[in-house]
Every structure is written in structure tokens, then in C-alpha cells.
Amino acid sequence: AAVGVILTGMGNDGAKGMTEMHDQGALTLAQDQESCVVYGMPKVAVESGAVDESLTPEQIVKRLIEWSWEGSGFSALFEIILFFKILDVDFLLLL
């Protein structure tokens, strides 16, 4: 199982990748318009039908945790935590 997340930003390259992931059955999430600084790439992904859910960053974290327990197993949760550490985001503050 795979998950794709698009956060605030410009362009359409991420949206193209999101479409490919969505077409292969991945869970696809995008940052919602209200919480974006720039709603460019998330908007393209949403308009192309490649996004399953549009959420705030805090909701994205909670959804990723839910997803990790929906059959992906406990190891997926560690991968999610590592993802936020790479982004230098304090995972626990987002919960």
C-alpha cells in the first residue's frame, strides 16, 4: 500500500505524480485551500481527480495515522514519523 501527500506549492509536477499514484490505488491526500500559502499544486491535483481527501496539515497527520492502522501495519507509522522528521516537523505537535 502507498500514500501520496501534496502540500502547499506551485506547479503541476507533483500533481502528475499524484495522478499516477491514485490510478494505482494509493491513498492520495492534499492540503486544503484554506490552509495553503499557495494553492497551486494541490489545486491542480484536486481538479484532475487525483485526490481522495483535502485536509489541513493537522488532519493529514491524523489521517496518515489512521491509514497506517488500516492494514498497512505498525511499520507504516514509523515511516510516517520519519517523513515528518525529514521535513523537520515536530510530529507530536501536529497531533
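Please read these numbers as outputs of a predicted model, since none were measured by experiment.

1. So, the pairing of strand β1 (residues 3-6)
Residues G4 and I6 of β1 are buried on one face, while the alternating residues V3 and V5, pointing to the opposite face, are not. Both β1 and strand β2 (residues 27-31) contribute to a ladder of four bridges, which runs parallel. What sits directly across from V3, in β2, is L27. For the crossover that starts at β1, traverses helix α1 (residues 13-23) and ends in the parallel β2, the hand is right-handed.

2. Comments concerning the pattern of salt bridges
Scanning all chains against the criterion turns up three salt bridges. Among the salt bridges present, the one from R63 reaches E53, with a minimum N-O distance of 2.9 Å. Of this pair, R63 sits in helix α3 (residues 57-72) while E53 sits in strand β3 (residues 53-55); the two residues are ten residues apart in sequence, bridging distant segments of the chain. You can call E53 partly exposed: its relative accessible area is 25%.

3. Some words on the confidence of the model for the chain
Put simply, the chain has an average pLDDT of 82, and 74% of its residues get 70 or more. Ranking the elements of the chain by mean pLDDT puts helix α5 (residues 91-94) last, at 50, and β3 first, at 97.

Parameters and conventions
Residues numbered from 1 in each chain as written. Predicted model: local features only at pLDDT ≥ 70, side-chain atom pairs only at ≥ 80, totals over all residues. Heavy atoms only, no water. Buried < 20%, exposed > 50% of the residue type's maximum accessible area, 1.4 Å probe, protein only. Helix = DSSP H or I, 4+ residues; strand = E, 2+ residues; numbered from the N terminus. Pairing = 2+ DSSP bridges. Right-handed = clockwise from strand over helix to strand, strands pointing away. Salt bridge = Lys/Arg side-chain N within 4 Å of Asp/Glu carboxyl O. pLDDT = per-residue confidence, 0-100.

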